[in-house]
Amino acid sequence: MWRYHNPVEMLFGAGTFSNVQRCIAGRRYGVVTYPEPYFQELTDRLARRAGNPSMVISDVLANPDYQELAPQTEQVANAGAVDVWVALGGGSVIDSTKVFAAANGDFANVKRYLE
């Protein structure tokens, strides 16, 4: 038997970014994004609206592998609890964010699952 339940709210479309702070709702949040000026500006705009994030991982590369994800996950462990994750970017950012959320600060949790 296989079962999947994912109660995650996803927002997309024109004007959506201006509502992200509503989803954060004062909780501790982390931002995951690409190392490009456009995404830094989005991160800054979000911080002005929702308060400063607990952590920012802004060095996600296209198609990251263990070499990038393991040390980034360690950054998550050192930052403490994050209640809400915000992925600003495309597939690699979204997938990396899922790794950080699932790893709960320990990349070995995800590595065991993948292997």
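The rules behind these values
Residues numbered from 1 in each chain as written. Predicted model: local features only at pLDDT ≥ 70, side-chain atom pairs only at ≥ 80, totals over all residues. Heavy atoms only, no water. Helix = DSSP H or I, 4+ residues; strand = E, 2+ residues; numbered from the N terminus. Expected span 1.5 Å × (residues − 1). Buried < 20%, exposed > 50% of the residue type's maximum accessible area, 1.4 Å probe, protein only. Arc of directions from axis to C-beta. Contact = heavy atoms within 4.5 Å. Pairing = 2+ DSSP bridges. Axes fitted to C-alpha atoms, helices over the stretch in contact; angles between N-to-C directions.

Q: Explain helix α2 (residues 37–50) residue by residue, including any values.
A: Given a rise of 1.5 Å per residue, 14 residues ought to cover 20 Å, and the 20 Å separating the end C-alpha atoms of α2 matches this to within 8%. Looking only at α2, the buried set comprises Phe39, Leu42, Thr43, Leu46 and Ala47. Buried residues in α2, looked at end-on, bunch into an arc of 140 degrees, giving them a common side. The exposed set on the far side of α2, more than 90 degrees from its buried face, consists of Pro37, Tyr38 and Arg48. Taken together, the buried residues of α2 touch α1 (20–24), β1 (29–33), β2 (55–57) and β3 (84–88). Where α2 terminates, the next one or two residues include Gly51, which has phi positive at roughly 90 degrees.

Q: If you had to explain the sheet that holds β2 to someone new, which residues and values would you point to?
A: Hydrogen bonding along the main chain pairs the strands of a sheet, whether they run parallel or antiparallel. An order of β2-β1-β3 is seen for the three strands of this open sheet, with the pairing classed as parallel. Strands with a single pairing partner mark the edges of an open sheet, and in this sheet they are β2 and β3. Mean inter-strand twist for the sheet, computed between neighbouring axes without regard to direction, equals 20 degrees. Examined bridge by bridge, β1 and β3 share five bridges and lie parallel to one another. By the bridge assignment for β3, Thr33 is matched with Leu88. Running at roughly 165 degrees to β1, α2 makes contact with β1, β2 and β3 of the sheet. Together, β2 and β3 form the strand contacts of helix α3 (residues 66–79), whose direction differs from that of β2 by roughly 175 degrees.

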